[in-house]
Amino acid sequence: MFNILVCDDDKEIVEAIEIYLKQEGYNVLKAYDGEEALKVLKKEEKVDLLVIDVMMPRLDGIRATLKIREENSLPIIILSAKSEDADKILGLNVGADDYLTKPFNPLELVARIKSQLRRYTKLGSTVVQNSSAVYTVGGLSIDDDLKEVTVDGEAVKLTPIEYNILLLLMKNQGKVFSIDQIYERIWNEDAIGADNTVAVHIRHIREKIEINPKEPRYLKVVWGVGYKIEKL
């Protein structure tokens, strides 16, 4: 059973989300501000996904996500009453995997949770297959059996979304993928307004795999077309 931590200072929203998640067979943990969420994560042995509101007392969702990302790569979905792109980008910038704008359809939230858990579960699998699936270019290597990424022999820690984007590009070295193609392949939904979402994750990947993210060696942009992993 998956454990979902729901954090919002509005208890009615937490209770409503809990009802829908329990109907899907999830176990729900509850917190009402960022500090409570951090305590739950330290106390519980296993939290599979976090749903967290942005605007909360004591410790808001943005700062809580920053702290969580220092040592935990679990999927995080941010809830925000603001719909401006800047707020969505801020959430992704601090390490969230997805966002949903209030008011939202609870069924959409459940669908997004299922989608994130599928990716996270697949990424977390450490079962080694008989045939190795290692993709390498220069000093960058990704082992899809072990779910490990290394740069010049050093391990790199990616979120599930970042890993899946990099894996897609590494499997197709030299091929250019448009933003819409990346979004549809990774998120498994139509790419509507996907530019900022994909761009933020691409920037995060570059910061982790490139010596100089502003002059990338591996993850290249083809202006007006999309992104690719350069063949070296």
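Look up a bit, the structure's there.
Residues numbered from 1 in each chain as written. Predicted model: local features only at pLDDT ≥ 70, side-chain atom pairs only at ≥ 80, totals over all residues. Heavy atoms only, no water.

Student: Honestly, the packing of aromatic side chains in this entry has me stumped. Any pointers?
Tutor: Each aromatic ring pair is described using two quantities: the centre-to-centre distance and the angle formed by the ring planes. Per the counting criterion, the structure on display carries 2 aromatic pairs. For the pair F2 and Y26, a centre-to-centre distance of 6.2 Å together with 55 degrees between the ring planes defines the contact as tilted. Residue F2 is located in the segment before β1 (3-7), and its partner Y26 is located in the loop between α1 (11-23) and β2 (27-31); the two are separated by 24 residues in the primary sequence. Overall, F2 belongs to the partly exposed group, its relative accessible area being 30%. (Phe/Tyr/Trp six-rings, centres within 6.5 Å; stacked < 30°, edge-to-face > 60°. Helix = DSSP H or I, 4+ residues; strand = E, 2+ residues; numbered from the N terminus. Buried < 20%, exposed > 50% of the residue type's maximum accessible area, 1.4 Å probe, protein only.)

Student: Sorry if this is basic, but what is going on with the nonpolar core here?
Tutor: Among soluble globular proteins, nonpolar side chains are generally buried collectively. Membership of the largest hydrophobic core comes to 31 residues, with the highest contact counts inside it found for L140, I165, L166, I209 and I229. Only β7 (140-143), β8 (148-151), α6 (160-171), α7 (179-187), α8 (195-209) and β11 (226-229) provide two or more residues apiece to this core. Tallying contributions element by element places α6 first for this core, with 8 residues. With near-sequence residues (within four places) excluded, I209 lies in contact with L140, V151, V156, L166, Y218 and L219. Formed by 21 residues, the second largest nonpolar core is a distinct cluster that contains A31, M56, L59 and A64. (Core = buried A, V, L, I, M, F, W, Y, C linked by side-chain atoms within 4.5 Å. Contact = heavy atoms within 4.5 Å.)

Student: Explain the packing of helix α2 (residues 34-43) against helix α3 (residues 61-68) to me, please; I cannot follow it from the model alone.
Tutor: In helix packing, the relevant descriptors are the interaxial angle and the interaxial distance, both defined with respect to the helix axes. Close contact between α2 and α3 brings their axes to 9 Å; oriented N to C, the two are set at 25 degrees. Comparing their axes, α3 and α2 come out roughly parallel. Crossing angle aside, the handedness with which α2 passes α3 is right-handed. Of the residues in α3, those in contact with G34, L38 and L41 of α2 are A64, K67 and I68. Residues that form the contact of α2 with α3 fall into these classes: 4 nonpolar, 1 polar and 1 charged. (Axes fitted to C-alpha atoms, helices over the stretch in contact; angles between N-to-C directions. Parallel < 35°, antiparallel > 145°, perpendicular 65-115°, else oblique. Left-handed = near helix turned anticlockwise from the far one by under 90°. Nonpolar A, V, L, I, M, F, W, Y, C, P; charged D, E, K, R; others polar.)

Student: Looking at this structure, how should I read a nonpolar patch on the surface?
Tutor: Side chains of I19, Y20 and L107 sit close together on the surface and give an oily, nonpolar patch of about 290 Å² of accessible area. By the secondary structure assignment, L107 is in helix α5 (residues 106-124). Among the residues examined, L107 registers a relative accessible area of 54% and is labelled exposed. (Patch = residues over 30% accessible without salt bridge, like charges linked within 9 Å, V, L, I, M, F, W, Y side chains within 5 Å. Areas by Shrake-Rupley, 256 points an atom, 1.4 Å probe, with all protein chains shown as cover. Salt bridge = Lys/Arg side-chain N within 4 Å of Asp/Glu carboxyl O.)

Student: What should I look at first to understand α1 in this one?
Tutor: Given 3.6 residues to a turn, an α-helix orients residues that are three or four positions apart in the same direction. For α1, with 13 residues, the first-to-last C-alpha span of 19 Å sits near the 18 Å given by 1.5 Å per residue. One side-chain oxygen at the N-terminal end of α1 lies 3.0 Å from the backbone nitrogen of E12; it belongs to D10. A positive phi of about 90 degrees marks G25, the residue just after α1. (Expected span 1.5 Å × (residues − 1). Polar contact = N/O pair within 3.5 Å; in protein donor to acceptor, adjacent residues only side chain to side chain.)

Student: Got a minute to help me understand the sheet that holds strand β9 (residues 154-156) in this structure?
Tutor: The pairing of strands in a sheet happens through backbone hydrogen bonds and is either parallel or antiparallel. Judged by pairing direction, the sheet is antiparallel, and its 4 strands sit side by side in the order β6-β7-β8-β9 without closing on themselves. Bordering the open sheet on either side are β6 (134-137) and β9, each of which pairs with just one other strand. Going from strand to strand, the sheet's axes swing by 25 degrees on average, the running direction of each strand aside. Together, β6, β7 and β8 form the strand contacts of α6, whose direction differs from that of β7 by roughly 105 degrees. (Pairing = 2+ DSSP bridges.)

Student: Could you clarify how one ought to interpret the pairing of strand β3 (residues 49-53) in this entry?
Tutor: Moving residue by residue along a regular strand, the side chains alternate between the two faces of the sheet. Burial runs high along β3: 5 of the 5 residues are buried. Burial along β3 is two-sided: the residues L49, V51 and D53 and L50 and I52 are all buried. Looking at chain direction, β3 and strand β4 (residues 76-80) are connected through 4 bridges and run parallel. Of the residues in β4, the one forming a bridge with L50 is I76.

Student: What's the story with the pairing of β6 in this structure? I'm lost.
Tutor: Judged from the 4 bridges that link them, β6 and β7 form a sheet pairing that is antiparallel. Within β7, the residue paired with V134 across the bridge is D143. Counted between consecutive antiparallel strands, the loop separating β6 from β7 contains 2 residues, among which G138 sits at a positive phi close to 60 degrees.

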